[in-house]
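Given next are the chains, with one letter for each unit.
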Amino acid sequence: MDGVLATNLAGLRLRNPVILAAGTCGVLDEMRQVLDLSLIGAVTTKSITREPREGNETWRIIESRCGMLNAIGLANPGLDAFLSAWVPRARAMPCAVIASVAGFSIDDYVAVAAHLEEWAEAGIPAVELNVSCPNVKTGTEFGSSPALVREVVSAVRAVLKRCRLFVKLGPMTPELPLVARSAAEAGADALTICNTIPAMEIDVETRRPRLANVTGGLSGPALHPVAVKLVWDVRRAVGATPILGAGGVMRWHDAAEFILAGAAAVQMGTALFADPRSPRGVVRGMERWVRRQRAATVGDLVGTVDLETKTQVRHP
Ligand SMILES: Cc1cc2nc3c(=O)[nH]c(=O)nc-3n(C[C@H](O)[C@H](O)[C@H](O)COP(=O)(O)O)c2cc1C
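Asks: It is not clear to me how the overall build of the protein chain should be interpreted in this structure. Could you clarify?
Replies: Helices and strands together make up the secondary structure of the protein chain, namely eight helices and 16 strands. Relative to a compact globule of 316 residues, whose C-alpha radius of gyration would be 20 Å, the protein chain shows 18 Å and is just as compact. The dimensions of the protein chain, computed from C-alpha atoms along their principal axes, are 55 × 50 × 40 Å. Scored against the burial criterion, the 316 residues of the protein chain give a buried share of 52%. Sequence separation of at least 24 residues holds for 73% of the intrachain contacts in the protein chain that already meet a minimum separation of 6.

Listed below in structure tokens is the structure:
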């Protein structure tokens, strides 16, 4: 792993900084059927809860003008099935695996994380706490204030000795930079910025909400500039703690923007629904971009947005 895109996220060495986002690429390894996972840096699993969940009624994913709305409601096989049927395959994955964890109490997060810790050297080197799911009641609670995030992150940190701990926050979090700093101080090794934006669409003929859950989360291109700004804000608040930028990475430019704003890596979700092979183009484009920028590695470009030079705006 010594190409120009080689990335080190709190000791987790990745071939490149392109990661598949939680909930958009199956439970663990299903994307292998359509995408050569040896070309990307990592996959993030579906968010796993203590108990299995059916999730919300359909429709729970719809196309929107500038992205997608989803209200999946954390459908997942639950911890026991995940440990017995999926995790043993993690070691054979040709890229790193980040296990996403969701919960409804601190005990939930700790219980799931503690089991995953046992696999730290057997295919699950990192855990991402989803404290920002907008589609279940109480889902946003733990990411919504510096005090709550500190509580959940400290409790999980206490049981994760070898697994890295990433924390995923939402774009509507009040005072997001403060919450991010609180997560970092409580022991987060990296921060994922961001989850979807709460959103709603209505069919004007039937006058009914287009999602059965009424509201959902907006992802994709509409989210991208919002997420770039949030990464930039958080970077200034947390300094050296690595950031994973998520939101509307559809092509390499979007990934490069995140890097310049301060992300050490990017996640792709909605793009996989349009073209599950799109991460290949993002990796190739970024590699060429890093060389054109005459940087030794992509890490040298993190947070290097030029705020000084006055130049004409170019439209890519
Ligand atoms: C269908 C769908 C399911 C998702 N499920 C999860 C999930 O289980 N856990 C989570 O942390 N984020 C989940 N997300 C959010 C994504 O991981 C990502 O943060 C968000 O979609 C923004 O990235 P994107 O614009 O590239 O999709 C989901 C997103 C979509 C579209």
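Asks: Looking at this model, I keep getting lost on the pairing of strand β9 (residues 164–169). Mind explaining?
Replies: As a general feature of sheets, a regular strand has side chains that alternate between the two faces. Within β9, six of the six residues are buried, which leaves it mostly tucked inside the rest of the structure. The side-chain alternation of β9 yields two buried faces, one formed by Arg164, Phe166 and Lys168 and the other by Leu165, Val167 and Leu169. Relative to β9, strand β8 (residues 126–130) is paired through five bridges, and the arrangement is parallel. Looking at β9, one finds that Glu128 is bridged to Phe166. Where β9 and strand β10 (residues 190–193) come together, four bridges link them in parallel fashion. Counted as the bridge partner of Lys168 is Thr192 from β10. Remark: the β9/helix α4 (residues 176–185)/β10 crossover connection has right-handed handedness.

Asks: I tried to follow the site of the ligand on my own but got confused; where do I start?
Replies: In the vicinity of the ligand, 28 residues are found, and the nearest of them are Ala21, Gly23, Ser219, Gly269 and Thr270. Elements with a contribution of two residues or more to the shell around the ligand: β6 (67–70) and α7 (270–274).

Asks: Would you take a moment to explain the environment of Val305 for this structure?
Replies: In this fold, Val305 is placed in the segment after α8 (278–292). In the structure, Val305 is positioned 115 residues away from Ala190 in sequence and 20 Å away in space, judged by C-alpha atoms. Non-local contacts of Val305, meaning those with residues more than four positions away in its chain, are made with Leu260 and Ala261.

Asks: Would you explain the packing of helix α5 (residues 224–238) against helix α6 (residues 252–261) in this entry?
Replies: In a packed pair of helices, the relevant descriptors are the angle between the two axes and the axis-to-axis distance. Running from N to C, α5 and α6 cross one another at 20 degrees; their axes reach a closest spacing of 8 Å. By the angle between their axes, α5 is roughly parallel relative to α6. Relative to α6, α5 is oriented so that their crossing is right-handed. Between α5 and α6, the contacting residues are His224, Val228, Val231, Trp232 and Arg235 on the first element and Asp254, Glu257, Phe258 and Ala261 on the second. Each residue belonging to the contact of α5 with α6 can be placed in one class, and the counts come to five nonpolar, one polar and three charged.

Asks: I keep staring at the nonpolar core and nothing clicks. Help me out?
Replies: Nonpolar side chains tend toward joint burial in soluble globular proteins. Ranked by internal contacts, the top residues of the largest apolar core, which has 102 residues, are Val127, Leu191, Val231, Ala263 and Val266. If you tally residues by element for this core, the top one is α5, at seven residues. Once residues lying within four places of it in the same chain are set aside, the contact partners of Leu191 are Phe166, Val167, Leu169, Ala180, Ala183, Ala184, Val234, Val238, Thr241 and Ile243.

Asks: Would you mind going over α4 with me for this structure?
Replies: Residues that lie three or four places apart on an α-helix share one face, since the helix turns once every 3.6 residues. Counting buried residues in α4 gives seven out of ten residues, a clear majority hidden from the surface. Listed in full, the buried residues belonging to α4 are Leu176, Val179, Ala180, Arg181, Ser182, Ala183 and Ala184. Gly187 occupies a position one or two residues after α4 and carries a positive phi of about 120 degrees.

Asks: Before we go on, may I ask you to explain unusual backbone geometry in this structure?
Replies: Trans peptide bonds make up the majority, and among non-glycine residues the majority have a negative phi. Trp59 follows Thr58 through a cis peptide bond whose omega is -5 degrees. When you line up the elements, Trp59 lands in the loop between β4 (42–44) and β5 (61–64). The omega torsion of the bond from Ile193 to Cys194 falls at 25 degrees, within 30 degrees of zero and hence cis. Examined against the element boundaries, Cys194 turns out to sit in the loop between β10 and β11 (197–199). The phi dihedral of Glu175 is positive, around 50 degrees, even though this residue is not glycine. In this structure, Glu175 sits in the loop between β9 and α4. Taking the C-beta count within 10 Å as the criterion, Glu175 has 14 such neighbours and is therefore assigned partly exposed.

Asks: What is the right way to look at the sheet that holds β6 in this model?
Replies: Strands in a sheet are paired, the pairing made by backbone hydrogen bonds, and the direction either parallel or antiparallel. Spatially, the four strands line up as an open sheet ordered β5-β6-β14-β11, and their pairing is antiparallel. Whereas interior strands pair on both sides, the edge strands pair on one side only; in this sheet they are β5 and β11. Each strand of the sheet is rotated relative to its neighbour by a mean of 35 degrees, with strand direction disregarded. Bridging between β5 and β6 involves four bridges; their strand directions are antiparallel. Looking at the pairing, Ile62 lines up with Leu69 of β6.

Asks: How do you make sense of the packing of helix α2 (residues 106–117) against helix α3 (residues 146–159) when you look at a structure like this?
Replies: Between α2 and α3, the least distance of the axes is 9 Å, while the angle of their chain directions is 25 degrees. Judged by the angle between their axes, α2 and α3 are roughly parallel. When the axes of α2 and α3 are compared, the crossing they make is right-handed. In contact with Ile106, Tyr109, Val110, Ala113, Ala114 and Glu117 of α2, α3 contributes Glu151, Val152, Ala155, Val156 and Val159. A class-by-class count of the residues in the contact of α2 with α3 yields nine nonpolar, no polar and two charged.

Reading the values: the criteria
Residues numbered from 1 in each chain as written. Predicted model: local features only at pLDDT ≥ 70, side-chain atom pairs only at ≥ 80, totals over all residues. Helix = DSSP H or I, 4+ residues; strand = E, 2+ residues; numbered from the N terminus. Rg over C-alpha atoms; globule rule 2.2 N^0.38 Å. Buried ≥ 20, exposed ≤ 12 C-beta atoms within 10 Å, placed from the backbone. Contact = placed C-beta atoms within 7 Å. Pairing = 2+ DSSP bridges. Right-handed = clockwise from strand over helix to strand, strands pointing away. Near = placed C-beta within 6 Å. Axes fitted to C-alpha atoms, helices over the stretch in contact; angles between N-to-C directions. Parallel < 35°, antiparallel > 145°, perpendicular 65-115°, else oblique. Left-handed = near helix turned anticlockwise from the far one by under 90°. Nonpolar A, V, L, I, M, F, W, Y, C, P; charged D, E, K, R; others polar. Core = buried A, V, L, I, M, F, W, Y, C linked by C-beta atoms within 7 Å.

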